[in-house]
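# Summary of the model geometry
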Amino acid sequence: MGIEFLGNKKQLESFLMDNLSPYILRGKLFMDLFSGSGSVSMMMKKQGLNVIANDFLFFSSMMTKAVLENGDSPQFNGLKKVLSLRDADPYGQVIHYLNSLCGEEGFIFAHYSPASLAMDGIARMYFTEENAKKIDAVRNQIELWTENLLPEEKALLISDLLDAVSGVSNIAGTYGCYMKFWKKKALCPMNLSKRELIEPCTEQRFLTLNAYSNDIVSEYKADVIYMDPPYTKRQYSAYYHILETIALNDSPNIFGKTGLRDWKKKSSDYCYKRKASKALADLLDKANCQYFVMSYNNEGQIEHEEILRLMKKHGKVSYYETPYRRYKSNNRNAKADEVMERLYILEMR
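Just so you know, these numbers come straight off a predicted model, no measurement behind them.

Next up on the list: the sheet that holds strand S2 (residues 50-54). Strand order in the open sheet formed by seven strands is S3-S2-S1-S4-S5-S7-S6, with mixed pairing between adjacent strands. Edge positions in the sheet fall to strand S3 (206-209) and strand S6 (315-325), since each has one partner strand and no second. The mean angle between the axes of side-by-side strands here comes to 15 degrees, regardless of whether they run parallel or antiparallel. In terms of strand pairing, strand S4 (residues 222-227) meets strand S5 (residues 289-297) through five bridges, oriented parallel. Bridge pairing in S5 places methionine 227 opposite methionine 294. Along the sheet, helix H3 (residues 58-69) makes contact with S2 and S3, crossing S3 at roughly 170 degrees.

Here it is as structure tokens:
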């Protein structure tokens, strides 16, 4: 089960590919500035493009690195002696080993299961105690293997863990809060699964970054720069704080009923109405590409006319629209079930 990620473009693949096809020629360099779960980067990998992917959140950069930089048959050569792996399906054997681990009472158990009552005075119900212990055990084991893993293999195992975590999380959609009763899925035992990976073309090259997009965009010359920034005031660093903590494995100071880490260090200017337009203008000034592409919708922090105004300073702009089902956690107070998804394509001068 994959992570329910705000703004994920997997369901919009046909809309994106239909409109981007003239610009994403095989062998070209595509830069994905807000990679999120890696869905758009994966689309471009399938098309034979070279890809530079970036995300400010560490867990997102790991998820993208996992699908982008691994071929369809990860070998885990560094673990073959450690685990006595057979030649057939080493990836599956590593996943089986992680699933067989006994649980450990670590950071996730202490702060994000009902065991947190003893530690924090709040019985948080993000995970059952058994699943929380399993999360701690698997993440600690991956860390112990660091010297035996290629960076992309470690990212793959962290991402597989995050997907498994999502499958047993007692939440409504994001980690902004936990449910006050146990959802059926949250009571199931957590198990990691192999993910589908694709083998790249021999000549393809990939790079995954973990930085603020405006800071690094000028360092690379790309044929196409694509951005899918946050549209609303929801800060991903707060809404997905537990996934960030699991990926980093850093045992941060936490606060409040939901056990938030200091998410403000990873807050995005694109989530603030007073800052978003300025951030986009700055990014456009720094972008070094032939085509600049942006996904957005009609309820974003930057108005449609303002986006057009900013882009027209740099070249010729066209845009395409499609109705899209609103993210479900926002339905309660929504005026409509659908938003208008837009794809802006700027041909730079």
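Turning our attention to the environment of serine 169. Within the fold, serine 169 resides in the loop between helix H9 (151-167) and S3. In sequence terms serine 169 and threonine 128 are 41 residues apart; their C-alpha atoms lie 8.7 Å from each other. The residues contacting serine 169, other than those within four sequence positions of it, are Tyr126, Phe127, Tyr175, Lys185 and Ala186.

With respect to the helices and strands, the residue glutamine 301 is situated in the loop between S5 and helix H14 (304-312). Each residue touching glutamine 301, except ones within four places of it in the same chain, is listed here: Tyr231, Thr232, Lys233, Tyr270, Cys271, Tyr272, Lys273, Ala276 and Tyr296.

The buried count for S2 comes to five of five residues, which makes it a mostly enclosed element. Side chains Asn50, Ile52 and Asn54 project from S2 onto one buried face, and the interleaved Val51 and Ala53 project onto a second face that is buried too. Where strand S1 (residues 29-32) lies against S2, four bridges are found, and the strand directions are parallel. Each residue of the ladder has a partner; that of phenylalanine 30, found in S2, is valine 51.

Packing of helix H2 (residues 39-46) against H3 brings their axes to within 9 Å, and their N-to-C directions diverge by 15 degrees. With respect to H3, the axis of H2 lies roughly parallel. Crossing of H2 against H3: the hand is right-handed. Facing H2, whose interface residues are Ser41, Met42 and Lys45, H3 presents Thr64, Val67 and Leu68.

What the rule picks out here adds up to 15 aromatic pairs. Cation over ring: lysine 266 sits above phenylalanine 56, and NZ or CZ is 5.0 Å from the ring centre. Over the aromatic face of tyrosine 272 sits the side chain of lysine 275, whose NZ or CZ is 4.9 Å from the ring centroid.

This paragraph deals with the pattern of salt bridges. Summed over the entire model, instances satisfying the criterion amount to 15 salt bridges. Measuring nitrogen to oxygen at the nearest pair gives 2.6 Å for the salt bridge that ties aspartate 120 to arginine 124. Under the relative-accessibility criterion, arginine 124 is labelled buried at 2%. A salt bridge links glutamate 244 to lysine 266; the shortest N-O distance between them is 3.7 Å. With glutamate 244 in helix H12 (residues 241-248) and lysine 266 in the loop between H12 and helix H13 (273-286), this pair connects stretches of sequence that are 22 residues apart. The class for lysine 266 is partly exposed, based on a relative accessible area of 26%. In the salt-bridge network here, residues are joined through shared partners; they are Arg139, Glu143 and Lys154.

On to unusual backbone geometry, then. The phi torsion of most residues other than glycine is negative, and most of the peptide bonds are trans. The phi dihedral of serine 84 falls on the positive side, at around 55 degrees, and the residue is not glycine. Phi angles above zero are rare outside glycine, and aspartate 89 is one such case at about 55 degrees. The partly exposed category is assigned to aspartate 89, whose relative accessible area is 39%.

Turning next to the pairing of strand S7 (residues 338-348). Most of S7 sits inside the fold, with eight of its 11 residues counted as buried. Pairing of S6 with S7 involves 11 bridges; the strand directions are antiparallel. Bridging from a neighbouring strand, glutamate 321 pairs with arginine 342 of S7.

So, how was this worked out
Residues numbered from 1 in each chain as written. Predicted model: local features only at pLDDT ≥ 70, side-chain atom pairs only at ≥ 80, totals over all residues. Heavy atoms only, no water. Pairing = 2+ DSSP bridges. Helix = DSSP H or I, 4+ residues; strand = E, 2+ residues; numbered from the N terminus. Axes fitted to C-alpha atoms, helices over the stretch in contact; angles between N-to-C directions. Contact = heavy atoms within 4.5 Å. Buried < 20%, exposed > 50% of the residue type's maximum accessible area, 1.4 Å probe, protein only. Parallel < 35°, antiparallel > 145°, perpendicular 65-115°, else oblique. Left-handed = near helix turned anticlockwise from the far one by under 90°. Phe/Tyr/Trp six-rings, centres within 6.5 Å; stacked < 30°, edge-to-face > 60°. Lys NZ or Arg CZ within 6 Å of the ring centre and 35° of its normal. Salt bridge = Lys/Arg side-chain N within 4 Å of Asp/Glu carboxyl O.

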